[in-house]
Amino acid sequence: MGIQTYLVGGAVRDELLGLPVKDKDWVVTGATPEDMIKKGFRPVGQDFPVFLHPKTKEEYALARTEKKSGHGYAGFTFFTSPDITVEEDLLRRDLTINAIAKDDQGNLIDPYRGQKDIQKKLLRHISPAFREDPLRILRVARFAARFAPLGFQVADETRELMREMVQEGEAAWLVAERVWQETLRALGENDPARYFFELIEADALSVVMPEIASNFQSLSSVQAKALTLAQKDNAEAEIRFACAVNSAAQSNFDNVQSLCTRMKTPKQFKEVAELSAKLLAIWQEEPFSPEVRLSILQQADGFRRKDRFFLILRACSFLCEAADKKAFPKDQLISDLEKCTQIAVKAFVDQGLKGKELAEAIQAERLRVISL
Ligand SMILES: Nc1ccn([C@@H]2O[C@H](COP(=O)(O)OP(=O)(O)OP(=O)(O)O)[C@@H](O)[C@H]2O)c(=O)n1
């Protein structure tokens, strides 16, 4: 038989979909780790049968079978041997469309009918082994978010299986950091709201992100609409996140805070989400006087954190638009900020003002310029 190399996974899928191919993953059959090292490949990690190509640095994995040995994501043992066929390797994978291989002659090896599912636009699991990895619940939701605009749907039986896994408590084993990683990737997809809807369909959102489960109960929720507006405007991930987690409820601040802390989201995501919720509440509840506008600039630290302030303002705008509320006064606040930043602080210092006095004088001047 000798050593055979196959292109697998996302690269083959994307090629068949006519999409640009990003990462190329390869599977090698008929080889031992020693064979790979002799050919100049570099092993990745200690006991994982994955190697980097000496030139391209692409990943070459020895064909393997996997077996679950515990709960959640940690418990996996795998078995690798030169006898394992590419078909056996494909069987352990998640979705049929991800389980097509291409040999070096260009022939497709498609034992689980991935091409047919590409035609039918179905995200369908390959075998009951799908349930061995709860992360796949999130992956399916993420692939739905990516491919929904191409007309893809999750197959009924896969939805059913995902629901069963959640009922059996499998989703509860997902560590928060993994949930965040998948969620961040999903936020960048073409239909990010679909990710949350698929998790609702599987009854998984209330397990992995209970703090925001109520935000996606309806397809036309404000959060879903805001998230879609943000995506259409190519908005940054922080803005998309702020749209997804926002809620008019008073308990929202605590919810966002606990969600971000639990998932260990980067600081900027937490701050943009919290501050946009805060600014919206101020704007909705108080008259939009120069004093309130100045207080908004200060509370959001717009003077020092201008880039972050713009993210917050855009998140607020999408949320207001989605709620059919009057437009958020983004341009007004930007203009206020510009006027304030033009104040020559030096003139006050030159007058001999210091400390509290200086701060008060600048404050008064800021209020004066934005009231003009
Ligand atoms: N929990 C997982 C992770 C990965 N895979 C398999 O490993 C391949 C490579 O995984 P990955 O690079 O994460 O995904 P891609 O399908 O390449 O998708 P992306 O375009 O998002 O990288 C997948 O196609 C799938 O066959 C899997 O079955 N189960």
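Residues numbered from 1 in each chain as written. Predicted model: local features only at pLDDT ≥ 70, side-chain atom pairs only at ≥ 80, totals over all residues. Heavy atoms only, no water.

Q: Could you clarify how one ought to interpret the overall build of the chain in this entry?
A: Broken down by element type, the chain carries 18 helices and 11 strands. C-alpha atoms of the chain, sized along the principal axes, occupy 85 × 45 × 40 Å. Taken across its 372 residues, the chain has 48% of its residues classed as buried. Contacts spanning at least 24 positions in sequence make up 64% of the contacts within the chain whose residues lie at least 6 apart. (Helix = DSSP H or I, 4+ residues; strand = E, 2+ residues; numbered from the N terminus. Buried < 20%, exposed > 50% of the residue type's maximum accessible area, 1.4 Å probe, protein only. Contact = heavy atoms within 4.5 Å.)

Q: Could you clarify how one ought to interpret the domain arrangement of the chain in this entry?
A: A common measure of how large an interface is: the accessible area buried when the components associate. Each domain of the chain was delimited in the assignment, giving domain 1 (1-120), domain 2 (236-341) and domain 3 (344-372). Opposite the nine residues of domain 2 that make contact, domain 3 presents seven residues. A buried area of about 780 Å², summed over both sides, lies between domain 2 and domain 3, and 64% of it is on carbon and sulfur atoms. Applying the counting rule to domain 2 against domain 3 returns two residue pairs in polar contact (both at pLDDT 80 or more). Secondary-structure elements contributing two or more residues to the side of domain 2 that touches domain 3 are helix H14 (290-299) and helix H16 (330-341). (Domains from an automatic or database assignment. Buried area = accessible area lost by both parts, 1.4 Å probe. Polar contact = N/O pair within 3.5 Å; in protein donor to acceptor, adjacent residues only side chain to side chain.)

Q: When you look at the environment of Ala 176 in this model, what are you seeing that I'm missing?
A: In this fold, Ala 176 is placed in helix H7 (residues 176-187). Note: C-alpha distance between Ala 176 and Met 263 (87 residues apart in sequence) is 4.7 Å. When residues no more than four places from it in sequence are discounted, the contact partners of Ala 176 are Arg 262 and Met 263.

Q: Explain the site of the ligand to me, please; I cannot follow it from the model alone.
A: Close to the ligand lie 14 residues, the nearest being Asp 94, Asp 133, Arg 139, Arg 146 and Arg 185. One of the side-chain N or O atoms of Asp 133 is found 2.8 Å from a nitrogen atom in the ligand. Here Arg 142 contributes a side-chain N or O atom positioned 3.2 Å from an oxygen atom of the ligand. Within the complex, the protein chains bury 81% of what would otherwise be the 570 Å² of accessible surface of the ligand. Going through the elements one at a time, helix H1 (10-16) and helix H5 (135-147) are the ones with two or more residues in the shell around the ligand. The element that contributes the greatest number of residues to the shell around the ligand is H5, accounting for five residues. Classifying every residue of the shell around the ligand by side-chain character gives one nonpolar, three polar and 10 charged. (Near = heavy atom within 4 Å. Areas by Shrake-Rupley, 256 points an atom, 1.4 Å probe, with all protein chains shown as cover. Nonpolar A, V, L, I, M, F, W, Y, C, P; charged D, E, K, R; others polar.)

Q: Whenever I open this one, the side chain of Thr 96 confuses me. Can you help?
A: With respect to the helices and strands, the residue Thr 96 is situated in the loop between helix H3 (86-91) and strand S8 (101-102). Excluding residues within four positions of it along the chain, Thr 96 makes contact with Tyr 112, Arg 113, Gly 114, Asp 117, Arg 124, His 125 and Ile 126.

Q: Sorry, what's going on with the packing of helix H8 (residues 192-201) against helix H10 (residues 222-232) here?
A: In helix packing, the relevant descriptors are the interaxial angle and the interaxial distance, both defined with respect to the helix axes. Two elements in contact, H8 and H10, have axes whose closest approach is 8 Å; the angle formed by their N-to-C orientations is 150°. Within the contact between the two elements, H8 uses Pro 192, Ala 193, Phe 196 and Phe 197 and H10 uses Ala 224, Leu 227, Thr 228 and Gln 231. Split into classes, the residues belonging to the contact of H8 with H10 amount to six nonpolar, two polar and no charged. (Axes fitted to C-alpha atoms, helices over the stretch in contact; angles between N-to-C directions.)

Q: Help me understand the state of the cysteines in this model?
A: Joining two cysteines, a disulfide is a covalent bond between their sulfur atoms. Under the definition given, this model contains zero disulfides. Looking at the unpaired Cys 320, the closest cysteine sulfur is the one in Cys 316, lying at 6.6 Å. On the basis of relative accessibility, which here comes to 1%, the residue Cys 320 falls in the buried class. Of the cysteine sulfurs around Cys 340, a residue in no disulfide, the closest is that of Cys 316, at 18 Å. Using a relative accessible area of 5% as the deciding quantity, one classes Cys 340 as buried. (Disulfide = S-S within 2.5 Å.)

Q: Is there a simple way to think about unusual backbone geometry in this case?
A: Excluding glycine, a negative phi dihedral is what most residues carry, and trans is how most peptide bonds are arranged. Here the phi dihedral of Lys 121 falls at roughly 55°; this positive angle occurs in a residue that is not glycine. Mapped onto the secondary structure, Lys 121 falls in the loop between helix H4 (114-120) and strand S10 (122-123). Looking at Lys 121, the relative accessible area reads 34%, which means it is partly exposed. Residues other than glycine seldom take positive phi values, yet Asn 234 does so here, at roughly 60°.

Q: Explain the pattern of salt bridges to me, please; I cannot follow it from the model alone.
A: Opposite charge on two side chains lets them pair, provided their charged atoms get close. Counted according to the given criterion, the structure contains 32 salt bridges. Residues Glu 164 and Arg 131 are paired through a salt bridge, measuring 2.7 Å at the closest nitrogen-oxygen approach. Of the two residues, Glu 164 sits in helix H6 (residues 156-167) while Arg 131 sits in the loop between S10 and H5, which places them 33 residues apart along the sequence. One connected set of salt bridges, linked through shared partners, spans Arg 64, Glu 66, Asp 89, Arg 92 and Arg 93. (Salt bridge = Lys/Arg side-chain N within 4 Å of Asp/Glu carboxyl O.)

Q: Looking at this structure, how should I read the nonpolar core?
A: Across soluble globular proteins, nonpolar side chains show a tendency to be buried alongside one another. Core analysis: the biggest nonpolar cluster contains 103 residues, and Phe 196, Leu 199, Met 209, Phe 216 and Phe 241 have the highest contact counts within it. The biggest single contributor to this core is helix H15 (residues 306-322), with 10 residues. Dropping the residues within four chain positions of it, Phe 196 is found in contact with Thr 183, Leu 187, Leu 205, Met 209, Ile 212, Phe 216, Leu 227 and Ala 244. Counting 11 residues, the second-largest nonpolar core is a separate cluster that includes Ala 63, Val 86, Ala 99 and Ile 109. (Core = buried A, V, L, I, M, F, W, Y, C linked by side-chain atoms within 4.5 Å.)

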